[in-house]
Amino acid sequence: MLTFNMRGRTLVLGVYMKPRERSARMSIRTDVLQGTLDLMVLRTLEALGPLHGFGIARRIEQISDDALRLNQGTIYPALTRLEQRGWIASKWGISDNNRRARFYALTRAGRRRLDAETKDWKRVAEIMARFVETS
Amino acid sequence: MGKLRELVARIRNAAAGRRMDTTLDDELQSHLEMLTDEYVGCGMTPGAARRAARLRLGGADQIKETVRDARGLPRLESLTQDVRYAARLLRRTPGFTAAALAMLTIGIGANVAIFAVVNGLLLRPLPYPNQDRLVDVYQWFADRDMGVPFSFPDFLDVRARQEVFEDVALYWRESFTLAGTGEPERVAGASVTTGLFRVLGVTPAAGRGFREGEDGPSAVPVVVLGHGLWQRQFGGEAVVGRTVTLNDRPMTIVGVMPPAFDFPGDAQLWTPLAVETTEYPRDRYSFAAVAALKPSVNLTTARSNLDAIAGQLAQEYPDPNANVGIRARPLRDELVPGNLSRAFVTLMAAVGLVLLIVCANLAGLLLSRAAARDQEMVVRAALGAGRGRLVRQLLVESLLLASAGAGLGLAAGGAALDMLLAFAPATFPPWMSFGFDANVATFVVVLTVATTVVAGLVPALRASRPDLHAGLKETGTRVTFERGRLRGALVVGQMALALVLLLATGLMTRSVLSLLEVDPGIRAEDVLTLRVPLPAAAYPRPTDRVAFFDALLPRVAALAGVERAAATSSLPMVGPFSSLALSIEGAPPPAPGRQPMPVRHVVTPGYFETMGIRLVAGRLFDARDGRPGVAEVAVVNETFARHGWPDADPVGRRVKFGDPGDDVPWVTIVGVVGDVRQFGLGAQIDDDIFLPYGQLPLPAMTLVVRGATDALPLAPSIRGAIRAVDPALALFQALPMADVVARSVWQPRLFSWLFGVFGVAALVLAAIGVYALLAYSVVQRTREIGLRLALGADRREVRRMVIGRGMRLAAAGLAIGMAAAVPATRALEALLVGVSATDPLTFAGMALLLLAVAWVACALPARRATRIDPMTALRCE
């Protein structure tokens, strides 16, 4: 599902690609499990309120201290997916520098989702930490 | 929950189409601008900023594609894409599409029509709940190797002693005149023993069936109505307990059957079988019997039980039961003649062959089309399409063609079916309907898929593995050569199959012709037949019936246009036929069960002259024969004369219907007539004995009238004459004798016609196959031929090259076809009369026909090849 989708597929950040189509057009900086991008997007929207795609991408780069320098375009399939599942909603508006942009905001269902996923993620991180430390 | 919402959203998006794309464009645009602003803010030039922004964002098209994949139903969308593309492609090549569809319509349509018939004959269950356990039971003359109906006393014994059947019942088809509340109606019905409904497993919808003891000598006047009759005569009101008049006798209605029950064959009412044991002794075999096996019993067990009973009867009543057995077979075999269903299965095989030819042709066409699309496949492969995707695309094309062909084929098949049934409707039992049901639908689907796979798979597999290197360089001669070999093999196969079908046609046609040459023993032209059954109530005494014909025949003979008129109890090739045992005076007593049993006909004087039956010895009947006080006489046919009096002239000898010691009069033979093929043109001739009407005035006679010319227009005046004698008589359809004779050979005629159609279709298809192959190869080798011509080759040589290729293929097909035909035509042996299954004349003739047609099919491409202008050929690629 959203977070711990360990189905053995090699995934490029945020993009759920079938194994054969590996003539990948996105540059691969880091292999991160799919779904973490979704979590990051939801978190960002919770913290910053309604934001457009550019802003979300920028924020994610910032928070990760530029460790994740991604092609910003990878955000869009994730946004589409989240919107289809009803966790975010979109509306056209005007940005800070007077540009017309599409703003995404967290829905109530999205908020609930975020809480649930955050708990799960923390728990897994704890368990993994114990493993890493003991062995 | 989220996943479900996503699915719904995906479906909605898939339906919405391309509208979302523009929104995404705007979004990406604004994103790009915001990034650019940022870079400009960091100090870059606008141009450099824009470039960097674009790099950072990523390719717009790729983003759109991933979003699209996230948004809609990608797999369904790509499939829809394939279908739309295939449809467009087919529309763009109307010639190919039309040809392919035409061939598929023929192939699939023919298959569907024949399968519908086979389905009705073999696969559809009988309309009775017990259908798997129903058996037809009959008696068997062991030494004559002949099946006969049951005698009533034997039936009673079987019914009492058997242990293997739920019940066993007799039935006797009759027609009744019913006077209820509506118009008096003449309906088909049956007299049955009380167990019939139980045997068939059907309970009346209203009232009851028959109770034990209501049949036989103490039969009660009750009747059970069929549903249709009930609706028609009584409008569906409650009728149980009411009285109706049946053949002028009052009967009480005791029950009504559910809809769609009409055993045996069209029966609309049932009444208990009334039988006087004196009238129906043990040696009179008249009744059809049906039984239902007990659930735990199989046919073998039942047969041994019946054999045991037959053995007991043979001991208890050596005369007549000494050599009389009792047999059983599944009811379906009784209702459908075995050779008919076998013939149709053979036909299915033939039609299957035609479909194979169609598939081969289609495969060939698709192969050459695929060659033309090499370029396209190569480019798609280079762009990343997997082999599976390419194969799928091509299979979708084949599937689309096959489905369209199947649709058209269904329509064509339905029309063909109507035509087929118009050919011989009367001979199929009424409970067989040939509509399209679930079986047929499944068959069509299976056929479509099979056609797709067979015709489309090989071209698809070949096309999807294009040689990238050569393909991009636009040569592809190597690929063509490979395909040429495969296509050549296909053409050879088509030729072989076509030959087999042509041989079947040839053999069947010759069979029909030889049948029609058989002398029926009568002169059927200009003779009209008309049944005039006299109801027992109106004509209770024999003298009444004699009086009727005494009044009628001169009247009819006096009509304008009529030469002669007479009547018979059994019309040749129609019947009904009764056989009776008799004893020949002076002959040694025959072994029990081996008495002569000629077919007994009762005819009015003038019958032989009317039917054109020739006199061989003695004299024919005259007006005195059969009159009261005159000695009893008879006329026999040549075959009986030969059998009964092997070295003497039967004229003047005497016979007796019974044993020599019985108290019945001796009958003197006064004449011998030529044989008549009573049981059909292809059947054996049996012993016949003719009695004058006065001696045995049977009620159910057929009028035969010979006209000076065609007799059919005389029908109304004949009917008028009948009505003048008895206005209340119900009349049946008048049928020309020539039609009756033709109908008796309807089977071989039908099959030869059908095989003819398929043979011609196969020949045309095979010819098209050869033509297409050669035409294509000429086009492909245009340059080569142009080169040859330029280098000085004779145009005749070129022509010979092309025709040579075609004829070599035809010859190969011929050889294979000949080899395959020998076992194949053996399957037809049962249907052939007068010609062997390996008749050399037919084989040679059809082989020549095939070669001739192949030659013609080669001629056109060959001519085109000789017309090639070397200059243009060498110049253009």
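None of these values were measured; they are calculated from a predicted model. Along each chain, residue indices are assigned from 1 in the same order as the chain's sequence is written. Think of it this way: whatever chain is written first is A, whatever ligand is written first is 1, and the rest follow in order. Two thresholds apply to this predicted model, a pLDDT of at least 70 for residue-level local features and 80 or more for giving and counting side-chain atom pairs, whereas whole-chain, interface and lining totals are computed over all residues. Where side-chain values are given, they derive from all heavy atoms of the structure, hydrogens and water being excluded.

Colleague: I keep staring at the overall build of chain B and nothing clicks. Help me out?
Modeller: The number of helices and strands found in chain B is 28 helices and 23 strands. Each residue gets one of three labels from its accessible area relative to the maximum for its type: buried under 20%, exposed over 50%, partly exposed in between, using a 1.4 Å probe on protein chains only. Here chain B holds 877 residues, and the buried ones make up 49% of them. When checking whether two residues touch, look at their non-hydrogen atoms; a contact exists if any pair is within 4.5 Å. When contacts within chain B are restricted to residue pairs at least 6 apart in sequence, long-range pairs at least 24 apart make up 80% of them. Throughout, the Shrake-Rupley method with a 1.4 Å probe supplies accessible areas, and for residues the shown protein chains are the sole cover considered. About 39700 Å² of surface is accessible on chain B, with carbon and sulfur atoms providing 59% of the total. In DSSP terms, a helix is any run of H or I states spanning at least four residues, a strand is any run of E spanning at least two, and both are numbered starting from the N terminus.

Colleague: Teacher, can you tell me more about the packing of helix α19 (residues 542-557) of chain B against helix α22 (residues 715-725) of chain B here?
Modeller: Helix-helix packing is characterised by the crossing angle of the two axes and by the distance between the axes. Residues and elements named next belong to chain B. For helices, the fitted line uses only the C-alpha atoms of the stretch in contact; every axis is such a line through C-alpha atoms, and the angle between N-to-C directions lies from 0 to 180 degrees. Where α19 meets α22, the closest approach of the two axes is 9 Å, and the angle between their N-to-C directions is 145°. Every pair of crossing elements has a handedness; the one defined by α19 and α22 is right-handed. Within the contact between the two elements, α19 uses Phe548, Ala551, Leu552, Arg555 and Val556 and α22 uses Ile718, Ala721, Ile722, Ala724 and Val725. Classifying every residue of the contact of α19 with α22 gives 9 nonpolar, no polar and 1 charged. Crossings are sorted by hand: turned counterclockwise from the far helix by less than a right angle, the near helix makes the crossing left-handed, and turned clockwise it makes it right-handed. Each residue gets one of three labels, nonpolar for Ala, Val, Leu, Ile, Met, Phe, Trp, Tyr, Cys and Pro, charged for Asp, Glu, Lys and Arg, and polar for the others, Gly among them.

Colleague: In this structure, what is going on with the packing of aromatic side chains? I would like to understand it.
Modeller: For any pair of aromatic rings, the description consists of the separation of the ring centres together with the inter-plane angle of the planes. Working definition: rings of Phe, Tyr and Trp (its six-membered ring) pair if their centres are within 6.5 Å, and the pair is stacked with planes under 30 degrees apart, edge-to-face with planes over 60 apart, and tilted otherwise. Taken as a whole, this structure holds 21 aromatic pairs over all chains when the rule is applied. Arranged with centres 5.9 Å apart and planes meeting at 45°, the rings of Phe608 of chain B and Phe621 of chain B form a pair that is tilted. Taken as a pair, Phe608 of chain B in helix α20 (residues 607-611) and Phe621 of chain B in the loop between β17 (615-618) and β18 (633-637) lie far apart in primary sequence, 13 residues in all. Ring pairing ties together the aromatic residues Phe152, Phe155, Trp172, Tyr280 and Phe287 of chain B, which thus form one cluster. Should the NZ of a Lys or the CZ of an Arg lie within 6 Å of a ring centre and within 35 degrees of the ring normal, that charge is described as sitting over the ring. Seen from the ring of Trp92 of chain A, Arg100 of chain A lies directly overhead, with NZ or CZ sitting 4.2 Å from the centre.

Colleague: Sorry if this is basic, but what is going on with the interface of chain B and chain A here?
Modeller: Where the parts come together, the accessible area they lose is often given as the size of the interface. Facing 31 residues of chain B, the contacting portion of chain A comprises 31 residues. Once two parts are brought into contact, the accessible area they lose, counted with a 1.4 Å probe and summed over both, makes up the buried area. On the chain B side of the contact with chain A, Glu27, Met34 and Arg56 of chain B bury the most area, a combined 26% of that side's loss. By definition here, a salt bridge exists when the distance from a side-chain nitrogen of Lys or Arg to a carboxyl oxygen of Asp or Glu is within 4 Å. Joining chain B to chain A, the criterion identifies 5 salt bridges. Looking at the side of chain B that touches chain A element by element, the count peaks at 12 residues for helix α2 (residues 19-42) of chain B. Grouping the constituent residues of the side of chain B that touches chain A by class yields 10 nonpolar, 9 polar and 12 charged.

Colleague: What am I meant to see in the pairing of β18 of chain B here?
Modeller: Within a regular strand, side chains alternate between the sheet's two faces. Residue and element names in this part refer to chain B. Counting buried positions along β18 yields 5 of 5 residues, so the element is predominantly enclosed. Here β18 pairs with strand β20 (residues 667-673) via 5 bridges, running parallel. Among the inter-strand pairings, Val633 is bridged to a residue of β20, identified as Thr668. For two strands to pair, DSSP has to find at least two bridges joining them. Note: β18 against strand β21 (residues 688-692), 2 bridges, orientation antiparallel. Counterpart to Val635 in the pairing with β21 is Phe690.

Colleague: Even after reading the chapter, I still don't get a positive patch on the surface, so can you show me in this structure?
Modeller: For patches, a residue must show more than 30% relative accessible area and have no salt bridge; joins then use 9 Å for like charges and 5 Å for nonpolar side chains, namely Val, Leu, Ile, Met, Phe, Trp and Tyr. All tallies of charge rest on Lys and Arg as positive and Asp and Glu as negative; His and the ends of each chain are not included. Charge positions are represented by NZ for Lys, CZ for Arg, CG for Asp and CD for Glu. Side chains of Arg84, Arg88, Arg91 and Arg92 of chain B sit close together on the surface and give a patch of like positive charge. Since its relative accessible area comes to 59%, Arg92 of chain B is described here as exposed.

Colleague: Would you mind going over the sheet that holds strand β2 (residues 88-94) of chain A with me for this structure?
Modeller: Pairing between the strands of a sheet comes from backbone hydrogen bonds, and it takes one of two forms, parallel or antiparallel. Residues and elements named next belong to chain A. Overall, antiparallel pairing links the 3 strands, which are arranged β1-β3-β2 in an open sheet. Only two strands of the sheet have a single neighbouring strand rather than two, namely β1 (51-52) and β2. Across 7 bridges, β2 lies against strand β3 (residues 100-106) in antiparallel orientation. Bridge pairing in β3 links Ile88 to Leu106. Against the sheet, helix α1 (residues 36-48) contacts β1, β2 and β3, and its axis sits at roughly 95° relative to β3.

Colleague: Would you mind going over the pattern of salt bridges with me for this structure?
Modeller: When their charged atoms lie close together, side chains carrying opposite charge are able to pair. Under the defined criterion, the tally for this structure stands at 33 salt bridges over all chains. Glu83 of chain A is the salt-bridge partner of Arg102 of chain A, the closest N and O atoms lying 3.9 Å from each other. In this pair, Arg102 of chain A sits in strand β3 while Glu83 of chain A sits in helix α3 (residues 75-84), placing the two residues 19 residues apart along the sequence. The exposure class assigned to Glu83 of chain A is partly exposed, which follows from its relative accessible area of 25%. Among the salt bridges present, the one from Glu585 of chain B reaches Arg654 of chain B, with a minimum N-O distance of 2.9 Å. Pair noted here: Glu585 of chain B is in the loop between β15 (583-584) and β16 (599-603) and Arg654 of chain B is in strand β19 (residues 654-656), with a separation of 69 residues, a long-range link. Relative accessible area serves as the criterion here: at 31%, Arg654 of chain B is assigned to the partly exposed category. Shared partners join several salt bridges into a network, and the residues in it are Arg58 and Glu61 of chain A together with Glu38 and Arg56 of chain B.

Colleague: What's the story with the confidence of the model for chain A in this structure? I'm lost.
Modeller: When pLDDT is low, close inspection of the predicted coordinates is not appropriate. Residues and elements named next belong to chain A. Per-residue confidence from the prediction method is given by pLDDT, with values spanning 0 to 100. With 69% of its residues at a pLDDT of 70 or more, chain A shows a mean pLDDT of 73. Of all helices and strands in chain A, the one with the weakest mean pLDDT is helix α2 (residues 53-63) (85), whereas β3 scores best (90). Per-residue pLDDT stays below 50 along residues 1-31; that stretch engages in 52 contacts with residues further than four places along the chain or on separate chains.

Colleague: How do you make sense of unusual backbone geometry when you look at a structure like this?
Modeller: Most peptide bonds are trans, and most residues other than glycine sit at a negative phi. Residue and element names in this part refer to chain B. The backbone of Asp526 sits at a positive phi, close to 70°, despite the residue not being glycine. Among the secondary structure elements, Asp526 is positioned in the loop between α18 (477-517) and β12 (527-533). Asp526 gets classed as partly exposed once you look at its relative accessible area, which sits at 30%.

Colleague: Looking at this structure, how should I read a nonpolar patch on the surface?
Modeller: Residue and element names in this part refer to chain B. Among the surface-exposed residues, Leu356, Val445, Val449, Val453, Val454, Leu457, Val458 and Leu461 lie close enough to one another that they form a single nonpolar patch of about 600 Å² accessible area. Among the elements that line the nonpolar patch, the one with the most residues is helix α16 (residues 438-463), at 7 residues. Given the relative accessible area of 52%, Val445 is considered exposed.

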